[in-house]
Amino acid sequence: MALWIEELIKKIDSKVSNLGIILTDDLARLFEVNVQLLQLDITQFHNIATAPPAIFDIQRYPPAPTTFQYLSYDDNGKASVQTIDANSLYEAIKQLAVTRPVIVRYIINSKQAEAIENTIVALHTDTELYALKPRFPILIISNSYYWKFTDIPTIEPVPTEEDYNTLLQMAKQSYEKAYGLPVKLPSVDVIKGLTLWEAQGVLNLAKKVTPKDIEFDEQVIMNEKKEFFRKLGVELVTPNITMEDVGGMKFLKKYINDYWIAIWKDRDIAKDYGVRPPKGILLFGAPGTGKTWFATALAGTLGRPMIKVDLGDFLSKWVGESEQRTKTLLRYAEIANAVIFFDEFDAIATKRSEGEHEVYRSVKNILLSWMTSQESAIIIGTTNRASDIDEAFLRPGRFDDLFPVLTPTSIDDIAEIVKIHVERVRPIKYREEIDYKYVAKVMIGLRPNEIEKIVNDAKLRAFLERRKLRADDIVSIAKEVKGKVDVKKRLEEEKKLVEQMKSLPNIKVEVIEGIQKEQQSLDSRWV
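Cut-offs and rules
- Residues numbered from 1 in each chain as written.
- Predicted model: local features only at pLDDT ≥ 70, side-chain atom pairs only at ≥ 80, totals over all residues.
- Heavy atoms only, no water.
- Salt bridge = Lys/Arg side-chain N within 4 Å of Asp/Glu carboxyl O.
- Buried < 20%, exposed > 50% of the residue type's maximum accessible area, 1.4 Å probe, protein only.
- Helix = DSSP H or I, 4+ residues; strand = E, 2+ residues; numbered from the N terminus.
- Polar contact = N/O pair within 3.5 Å; in protein donor to acceptor, adjacent residues only side chain to side chain.
- Contact = heavy atoms within 4.5 Å.
- Expected span 1.5 Å × (residues − 1).
- Arc of directions from axis to C-beta.

A. Quick peek at the pattern of salt bridges. Under the definition given, this model contains 23 salt bridges. Of the charged contacts, one joins Glu423 and Arg431 as a salt bridge, the two residues approaching to 3.9 Å between their closest N and O atoms. Looking at Glu423, the relative accessible area reads 30%, which means it is partly exposed. Its relative accessible area of 30% is what places Arg431 among the partly exposed residues. Because the salt bridges share partners, they merge into one network encompassing Lys94, Asp126 and Glu128.

Have a look at this one:
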């Protein structure tokens, strides 16, 4: 029996319900679920042999407000169209459920859902059905969760790697037969995160037929994936940097390299040792200190896509359907083994209060539950309000690690950041020999986003004058920028932030002490 149907039946039992909802917005999955249900031996519900399942098939809108048409199947599999009074819908399904499992398919729009909502509620709580021995499940196949009943068991079958590989092989066979040419399949990782229905359409769009063979343009696939995510209200990022492109952050980089990357790159071996892969990291720091850059670099190092979520925009944009959008987003992240980056995480993760909006509370609970159970995606959150985060998010198994990301104060760190933006990220071919430590001394107190812009402006100056980039170009622009920044105030505020973090759970004391030692050793003449 498929794992997902086993899980749903367990939920039906544990939640003391007579029915469960199989939910999928994937049209290909919708019909596949139905086929799987008919092939499964659900007559062995609770290990008691019963009659074959009854198929209650709603074909269309009710022809009149007071009637339903549906297909009924007898024991021999013969179908007949039945018309019943809408008021008798509950009794019709109940009568079937007395002797066998019942499958109700397919609820594909809100009008159908509204028409049977009262029936769903009645069946869910029917004590006569619950008292029956044996008790048979009523399984409803729906392409969206139109009902807001939080206590009804639901399951959402999602594509596995095997499902994606099967889809690719089906595409290969289909195109070889249609064109008589060999087919070069794309990597299965390229289509992960899409539903099977979406993947099928994207593969057809991305195929390139040549006289020799059929190939698939992976860039077309990625562009289509980005569009799917854009409609969801988030941004899909294909990382083009790695941890080698992260300057400074030496305490954070060492810890991530020694633990996170080591575990994830040898996950199977770690599993044999009983080591749980790390799931989440929360980064504390002001805007511009390099948190997004770090998250992108981690995703690039692990070879994963990154889903970037601005929670403030995401939640306000989808008021009224935030819960479903959140579930869809998290499902995609898990399927795609993505790094999901929550910018301004405090928009949803603040401490709970009586006046909290119901939508925010619901989304928060969905996130907490998902973070506890999943082990495929990596979650990175950012905030500059460490003390406001609900401690439920800071427990082990959710955000495993908490780190401050601060304005770089080490000359070596700043020199490394400048060098990366001169020589690695959009490198400039025409440049003189640059003394990066000389440049870095002028930049103490500036943040990585300011340093990046200064280097870009210096490159632009060299381009406009058609000459080589010089160290003095960077220094002169840096002095102008630094003249507009209260560096002393900025660094004092960050010292207070680091001190506050000492009291938070999961904090790495040795990292905090190392950062504080560096902050205290800063020579004031450079500030």
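B. Broad picture of the side chain of Thr301. Turning to its location among the elements, Thr301 is positioned in helix 12 (residues 291–302). Engagement of the side chain of Thr301 in a polar contact is seen with the backbone oxygen of Ala297, the distance being 2.8 Å. Apart from the residues lying within four places of it in its own chain, the contact partners of Thr301 are Ile241, Thr242, Met243, Ile261 and Lys265.

C. Expanded view of helix 1 (residues 3–14). With 12 residues, helix 1 ought to run about 16 Å at 1.5 Å a step, and its terminal C-alpha atoms sit 16 Å apart, in line with that. Buried within helix 1 are the following residues: Trp4, Ile5, Leu8, Ile9 and Ile12. On an axial view of helix 1, the arc spanned by its buried residues comes to 135°, and they lie on one face. Helix 1 presents Leu3, Lys10 and Ser14 as exposed residues on the side facing more than 90 degrees away from its buried surface. Following helix 1 by one or two positions, Val16 adopts a phi angle in the positive range, close to 50°.

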